[in-house]
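Chains, contacts and geometry: an overview
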Amino acid sequence: MLDLDGTLIDSRPGIAASTLAALRALGHSPDEAFDITPFIGPPLEDVLRVLLRTYDDDRLDDAVSAYRQHYGDSGYLGSELYPGIGEALEDMRQAGLRIYMATSKREVFARRIAEHLNLAGYFNGIYGSVHGGALDHKPELLAHVLSERNLIASEALMVGDRRHDIVGAHAVRMRGLGVLWGYGSRDELETAGADHLVERTAELAHTVLSMLGR
């Protein structure tokens, strides 16, 4: 299972644009130089709740709605595939792995991005958050994928760039592989207990296959 933002794609420009648009829609004047990087990874509601506190604003539902409107219109297009990811996915597919996307991003947006970047064909399934919030957090999302696809947790692996990916994996008895080209630091991933770290996309497929005993 692979995370999306910070693992497969650099989605920072689109997320930043939609976050600023959401804050402006609520009448705020955010700093154009605001760095969204530390906030990429957790569920959208958690991120916007923190940002709204700086304005003493509790209109979370309005902010989420404004964000998703902008992101669905144009924000999702502000994503680029990390160099080497396509080759890594192809190598994993050729090795016979079942590959799933598991992201806290709304599933509908994850699918749009996968189609836009020609990634969809690599995946046996694409999973993300859904209306109602039941799968917003990684433990619930990963448990859902394991159950729906009849997978054995000890034989599966979660790949991601933030602590939420590693902690979520361990919560459902999966191993977690941390990638160092995304938005989380080495210290963050090590502190979260990552079972292994990989520094370059060119090493991703080999590391995954080695951890899965292939």
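Each remark here, short or long, concerns the structure printed above.
An account of the accompanying structure is given in this report. (Residues numbered from 1 in each chain as written. Predicted model: local features only at pLDDT ≥ 70, side-chain atom pairs only at ≥ 80, totals over all residues. Heavy atoms only, no water.)

**Describing helix 7 (residues 163-171)**
In plain terms, the rule: Note on exposure labels: buried denotes an accessible area under 20% of the residue type's maximum, exposed denotes more than 50%, and partly exposed covers the range between, all computed with a 1.4 Å probe on protein chains only. Secondary structure elements follow DSSP: runs of H or I no shorter than four residues count as helices, runs of E no shorter than two count as strands, and numbering proceeds from the N terminus. What the arc covers is the set of directions going from the helix axis to the C-beta atoms. A contact between two residues is defined here by any heavy atoms of the two lying within 4.5 Å.
When we look at burial in helix 7, the residues that qualify are Asp165, Ile166, Gly168 and Ala169. What you see down the axis of helix 7 is that its buried residues fit within an arc of 165°, all on one side. The inward-facing, buried residues of helix 7 abut helix 6 (138-148), strand 5 (157-160), strand 6 (175-179) and helix 8 (186-191). Of the residues flanking the end of helix 7, it is Arg173, one or two places downstream, whose phi is positive at about 70°.

**Quick word on the nonpolar core**
Cut-off, in case you're wondering: Buried Ala, Val, Leu, Ile, Met, Phe, Trp, Tyr and Cys residues form a nonpolar core when they are joined through side-chain atoms within 4.5 Å.
Ranked by size, the top nonpolar core spans 52 residues in total, and within it Leu2, Leu8, Leu89, Met92, Phe123 and Leu204 carry the most contacts. Of all the secondary structure elements, the ones that give two or more residues to this core are helix 1 (12-25), helix 2 (44-53), helix 3 (60-73), helix 4 (85-94), helix 5 (107-116), strand 5, strand 6 and helix 9 (204-211). Here the element with the most residues in this core is helix 3; it accounts for six residues. If we ignore the near neighbours within four places in the chain, the residues touching Leu204 are Leu2, Ile85, Ala88, Met92, Val159, Leu177, Val179, Trp181 and Val198. In terms of nonpolar packing, the next biggest core, distinct from the first, is built from 16 residues, Tyr127, Leu135, Met158 and Met174 among them.

**Section: the pattern of salt bridges**
Applied cut-off: By salt bridge we mean one thing: a side-chain nitrogen of Lys or Arg within 4 Å of a carboxyl oxygen of Asp or Glu.
In the structure shown here, the tally under the stated rule is 14 salt bridges. Residue Arg12 is joined to Asp10 by a salt bridge in which the shortest nitrogen-to-oxygen separation is 3.8 Å. For Asp10, a relative accessible area of 22% puts it in the partly exposed group. Glu90 is the salt-bridge partner of Arg93, the closest N and O atoms lying 2.6 Å from each other. With a gap of three residues between them, Arg93 and Glu90 both fall in helix 4, about one helical turn apart. Residue classification places Glu90 among the partly exposed residues on the basis of a relative accessible area of 23%.

**Concerning the packing of helix 1 against helix 3**
Selection criterion: Only the stretch in contact is used when a helix axis is fitted, and all axes are lines through C-alpha atoms; the angle between N-to-C directions ranges over 0 to 180 degrees. The labels follow the angle: roughly parallel below 35 degrees, roughly antiparallel above 145, roughly perpendicular from 65 to 115, and oblique for the rest. Crossing handedness: left-handed means the near helix sits turned counterclockwise from the far one by under a right angle, and right-handed means the same turn made clockwise. The residue classification treats Ala, Val, Leu, Ile, Met, Phe, Trp, Tyr, Cys and Pro as nonpolar and Asp, Glu, Lys and Arg as charged. All others, Gly included, are polar.
Running from amino to carboxyl end, helix 1 crosses helix 3 at an angle of 135°, the nearest separation of the two axes being 8 Å. One finds that helix 1 runs oblique with respect to helix 3. As for how helix 1 packs across helix 3, the hand of that crossing is right-handed. Here Gly14, Ile15, Ala17, Ser18, Thr19, Ala21, Ala22 and Ala25 of helix 1 lie close against helix 3, whose contacting residues are Ala63, Ala66, Tyr67, His70 and Tyr71. Tallied by class, residues from the contact of helix 1 with helix 3 come to nine nonpolar, four polar and no charged.

**Details of the sheet that holds strand 5**
What counts, and what does not: At least two bridges found by DSSP between two strands is the condition for calling them paired.
Spatially, three strands are ordered 5-6-7 in an open sheet, and the strand pairing comes out parallel. Where the open sheet ends on each side, the last strands, each with one partner, are strand 5 and strand 7 (196-198). For this sheet, the mean angle separating the axes of adjacent strands, direction not counted, is 25°. Here strand 5 pairs with strand 6 via four bridges, running parallel. Within strand 6, the residue paired with Leu157 across the bridge is Arg175. Relative to strand 6, helix 9 is tilted by about 165°, and along the sheet it contacts strand 5, strand 6 and strand 7.

**Quick word on the pairing of strand 4 (residues 125-129)**
Here is the rule: Crossover handedness is defined here as right-handed if the route from the first strand over the helix to the second strand goes clockwise, with the strands pointing away from the viewer.
The buried count for strand 4 comes to five of five residues, which makes it a mostly enclosed element. In terms of strand pairing, strand 3 (residues 100-106) meets strand 4 through four bridges, oriented parallel. In the strand pairing of strand 4, Ala102 is matched with Tyr127. Chirality of the crossover, the property in question, places the unit of strand 3, helix 5 and strand 4 among those that are right-handed.

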